[in-house]
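In case you want the letters, here they are:
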Amino acid sequence: MSERSSLVRGMRDLYEDELANIRLVETVFSETLESYGYALIRLPIMERTALFSRGIGEATDAVSKEMFTFDDETESLSLRPEGTASCVRAVIDANMYRGHQPKLWYIGSMFRHERPQLGRYREFYQVGAEAFGFSGPDVDTELIRIVQDVWESLELAEEITLEINTLGNTPSRKQHRDALVEYLAQYKAQLDEDSQRRLEQNPLRILDSKNEQTQKIIEQAPSISDYLDAESRRHFDEFQERLVRLGIRATVNPNLVRGLDYYTHSVFEWNTDKLGAQKQVGGGGRYDGLCELLGGAPCPAAGFAIGVDRVALLRNELGLASQASSPDVYVVALSDDEEDYALQVAAKVRAASSLSVRVHQGAGKVKARMRAADRSGATIALIIGAQEAASNQVSLKWLRINREQVTVPVAELPSTLLNSN
Ligand code: HAM
């Protein structure tokens with residue numbers, strides 16, 4: 001025997017119940033986003049590495065440690081670790097924001113070379129939305145409202161909490177950054193190794209550290225709220241007021257800085273405590289400087305992305321998971337002579353209803369055919385023997401409930417099926 005192929009670490013095959021659960025989450029997001037007037041955009045899985053290092057930031061974990069990067073002839077390419085940079089590139093490429101304010105959403109796999117564990121994969125799925133051309137916090141709150149609607153539809157509203165913060169505009173951020181570096185530099189030797197490394201490259205991320213000793217030092221660190229200029233403060237105040245008006249509960253976490261470099265003003269994260277170490281089910285915020293940074297005209301923008309796998313896992317954890325669907329109807333010809341008639345019956349049912357119909361294939365004795373009908377998970381078997389075929393009839397056998405088998409003319413089959421539950 002030749003060697004069996006196996007999955008690459010951190011990749012998964014998704015099927016049956018796990019996939020049904022993921023698809024439900026995707027469907028609810030898709031319907032909700034479309035209902036708010038967001039248009040679907042399909043983005044490539046691969047981009048130039050430079051797009052991510054410029055857009056997301058060279059020093060972020062997502063770019064410096066977690067990208068799947070390879071050389072292709074003359075340039076370095078990477079699998080996308082997230083969707084925002086690609087979406088901005090696409091908007092700039094097609095000049096979509098000229099005279100327009102595009103609201104876009106996307107869905108698909110993202111790739112990060114992280115240590116795999118429950119809820120953390122190297123290929124995972126995100127649903128994201130990005131709105132371009134709006135500078136006010138009304139869009140920030142609309143994005144949050146959309147996600148809140150989804151939590152409600154998925155019965156997760158009580159399980160997920162929202163944290164918000166502001167990073168201010170670029171001048172406010174810069175002032176805060178300088179003050180933070182000056183403060184942290186005094187304690188450099190006491191910081192954890194990661195934070196020492198970040199001190200030069202990405203000091204804001206130190207605020208996110210989970211290390212206890214570093215956290216103690218952070219407690220006294222200068223807070224962004226002390227460095228906000230009037231414009232930044234106004235934006236954040238209005239953002240919070242609007243959330244209150246929409247009835248959305250949120251906690252301000254002054255240490256919420258996000259892991260990607262492009263944010264300005266509002267940032268937000270949705271968390272759960274039901275998934276162990278993987279607390280974050282989604283995140284987002286405003287990124288007013290990114291279009292310009294990537295070579296486009298200046299354009300304010302904001303968006304979010306949700307980890308679909310984590311939301312599906314959370315539903316599973318809470319016993320809300322959906323199950324993979326079986327066919328509704330299984331058509332069994334009792335011998336090969338009735339096969340053509342069985343195919344016609346199946347086609348009629350499909351045309352007259354939205355029921356899913358599977359037709360028995362492969363020879364076999366009557367008993368084996370009926371066993372296959374049962375194993376398919378269908379609720380009803382349509383049995384076709386020589387007698388049924390000769391008289392244009394079909395016998396219905398209920399496979400999951402105790403009900404007497406009936407034989408009806410084919411013409412009455414759709415209505416009998418529709419009234420059978
Ligand atoms: P992010 O916080 O890096 O934001 O990722 C969003 C979500 O993707 C996370 O909250 C998490 O649920 C999920 N996620 C991230 N890594 C993994 C993984 N290895 N396995 C499973 N799930 C994961 C962004 O990606 C930004 N682009 C969000 C955004 C859009 N900001 C503005 N617009």
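All of these numbers come straight from a predicted model, not from anything done at the bench.

Remarks on the sheet that holds strand S2 (residues 46–48)
Then step 1. Pairing within the open sheet is antiparallel, and its three strands lie in the order S2-S4-S3. With partners counted over all chains shown, the strands left at the sheet margins are S2 and strand S3 (69–72), one partner each. With strand direction ignored, the average angle separating the axes of adjacent strands in the sheet is 35 degrees.
Then step 2. The pairing of S2 with strand S4 (residues 75–79) spans three bridges and is antiparallel. Bridge pairing in S4 links arginine 48 to leucine 77.
Then step 3. Of the strands in this sheet, S2, S3 and S4 are in contact with helix H2 (residues 49–57), which crosses S2 at around 75 degrees.

Brief notes about the packing of helix H1 (residues 16–35) against helix H5 (residues 137–153)
Then step 1. It is at 10 Å that the axes of H1 and H5 come closest, and there the two elements cross at 135 degrees. As the angle between them shows, H1 and H5 are arranged oblique. The two elements H1 and H5 meet at a crossing, and its hand is right-handed. Where H1 abuts H5, its residues Val28, Phe29, Thr32 and Leu33 lie against Ile146, Asp149, Val150, Trp151 and Ser153.
Then step 2. When the residues that make up the contact of H1 with H5 are grouped by side-chain class, the tally is six nonpolar, two polar and one charged.

As for the site of the ligand
Then step 1. For the ligand, the set of nearby residues contains 26 residues, the closest of which are Glu82, Glu114, Glu130, Tyr263 and Gln280.
Then step 2. At 2.9 Å from an oxygen atom of the ligand is found a side-chain nitrogen or oxygen belonging to arginine 258.
Then step 3. Glycine 282 places a main-chain nitrogen or oxygen 3.1 Å from an oxygen atom of the ligand.
Then step 4. When the ligand is considered free in solution it has 660 Å² of accessible area, and contact with the protein chains removes 96% of it.
Then step 5. Where the shell around the ligand is concerned, the elements lending two or more residues are strand S6 (123–132), strand S10 (280–286) and strand S11 (301–307).
Then step 6. Examining the composition of the shell around the ligand, we find that six residues originate from one element, S10, more than from any other.
Then step 7. Of the residues belonging to the shell around the ligand, the class tally is nine nonpolar, ten polar and seven charged.

Looking at the pairing of S4
Then step 1. One ladder, built from four bridges, connects S3 with S4; its direction is antiparallel. Each residue of the ladder has a partner; that of phenylalanine 70, found in S4, is leucine 77.
Then step 2. Hairpin connection from S3 to S4: two residues lie between these consecutive antiparallel strands, with glutamate 73 at a positive phi of about 50 degrees.

Quick notes on the packing of aromatic side chains
Then step 1. One pass over the full model with this rule turns up nine aromatic pairs.
Then step 2. Ring centres 6.4 Å apart and planes at 80 degrees place the aromatic pair phenylalanine 132 and tyrosine 287 in the edge-to-face group. Residue phenylalanine 132 is found in strand S6, and its partner tyrosine 287 is found in the loop between S10 and helix H10 (290–293); the two are separated by 155 residues along the sequence.
Then step 3. Tyrosine 287 sits in the buried class, given a relative accessible area of 1%.
Then step 4. With a centroid separation of 6.0 Å and an interplanar angle of 80 degrees, the aromatic rings of tryptophan 270 and phenylalanine 304 are classed as edge-to-face. Note that tryptophan 270 is positioned in strand S9 (residues 264–271) and phenylalanine 304 in strand S11, a separation of 34 residues in sequence. Assigned by exposure class, tryptophan 270 and phenylalanine 304 land together as buried.
Then step 5. Within the aromatic cluster, the residues linked to one another by ring pairs are Phe236, Phe239, Phe268, Trp270 and Phe304.
Then step 6. Above the face of the phenylalanine 134 ring, lysine 103 is positioned so that its terminal group lies 5.1 Å from the ring centre.
Then step 7. One residue, arginine 403, lies across the ring of tryptophan 398, its end atom 4.1 Å from the ring centre.

Examining the packing of H5 against helix H9 (residues 230–245)
Then step 1. Across the interface, H5 lies against H9 with an axial gap of 9 Å and an inter-helix angle of 40 degrees. The pairing of H5 with H9 is recorded here as oblique in orientation. In this structure, H5 meets H9 at a crossing whose hand is right-handed. From H5, Pro137, Asp138, Asp140, Thr141 and Ile144 reach across to H9, where they touch His235, Glu238, Phe239, Arg242 and Leu243.

Some remarks on the sheet that holds strand S12 (residues 329–333)
Then step 1. Taken in spatial order, the five strands make up an open sheet running S13-S12-S14-S15-S16, and their pairing is mixed. Both outer strands of the open sheet, strand S13 (357–359) and strand S16 (406–409), are each paired with one neighbouring strand and no more. Each strand of the sheet is rotated relative to its neighbour by a mean of 30 degrees, with strand direction disregarded.
Then step 2. Here helix H12 (residues 339–352) sits on the sheet in contact with S12, S13, strand S14 (380–384) and strand S15 (393–398), set at roughly 170 degrees to S13.
Then step 3. Each of S12, S14 and S15 touches helix H13 (residues 366–375); the most contacted strand, S12, lies at about 175 degrees to it.

What to know about the nonpolar core
Then step 1. Within the largest apolar cluster, 87 residues are counted, with the highest numbers of intra-cluster contacts made by Phe29, Leu33, Phe132, Trp151, Trp270 and Phe304.
Then step 2. The element best represented in this core is H5, accounting for seven residues.
Then step 3. Setting aside chain neighbours within four positions, we find leucine 33 in contact with Tyr38, Trp105, Val127, Ala129, Ile146 and Phe304.

Remarks on unusual backbone geometry
Then step 1. Backbone geometry at glutamate 155 places phi at a positive 60 degrees, although glycine is not the residue there.
Then step 2. In the Ramachandran plot, asparagine 392 falls in the positive-phi region, its phi being about 55 degrees despite a non-glycine side chain.
Then step 3. Positionally, asparagine 392 belongs in the loop between helix H14 (386–390) and S15.

The rules behind each value
- Residues numbered from 1 in each chain as written.
- Predicted model: local features only at pLDDT ≥ 70, side-chain atom pairs only at ≥ 80, totals over all residues.
- Heavy atoms only, no water.
- Pairing = 2+ DSSP bridges.
- Helix = DSSP H or I, 4+ residues; strand = E, 2+ residues; numbered from the N terminus.
- Axes fitted to C-alpha atoms, helices over the stretch in contact; angles between N-to-C directions.
- Contact = heavy atoms within 4.5 Å.
- Parallel < 35°, antiparallel > 145°, perpendicular 65-115°, else oblique.
- Left-handed = near helix turned anticlockwise from the far one by under 90°.
- Nonpolar A, V, L, I, M, F, W, Y, C, P; charged D, E, K, R; others polar.
- Near = heavy atom within 4 Å.
- Polar contact = N/O pair within 3.5 Å; in protein donor to acceptor, adjacent residues only side chain to side chain.
- Areas by Shrake-Rupley, 256 points an atom, 1.4 Å probe, with all protein chains shown as cover.
- Phe/Tyr/Trp six-rings, centres within 6.5 Å; stacked < 30°, edge-to-face > 60°.
- Buried < 20%, exposed > 50% of the residue type's maximum accessible area, 1.4 Å probe, protein only.
- Lys NZ or Arg CZ within 6 Å of the ring centre and 35° of its normal.
- Core = buried A, V, L, I, M, F, W, Y, C linked by side-chain atoms within 4.5 Å.

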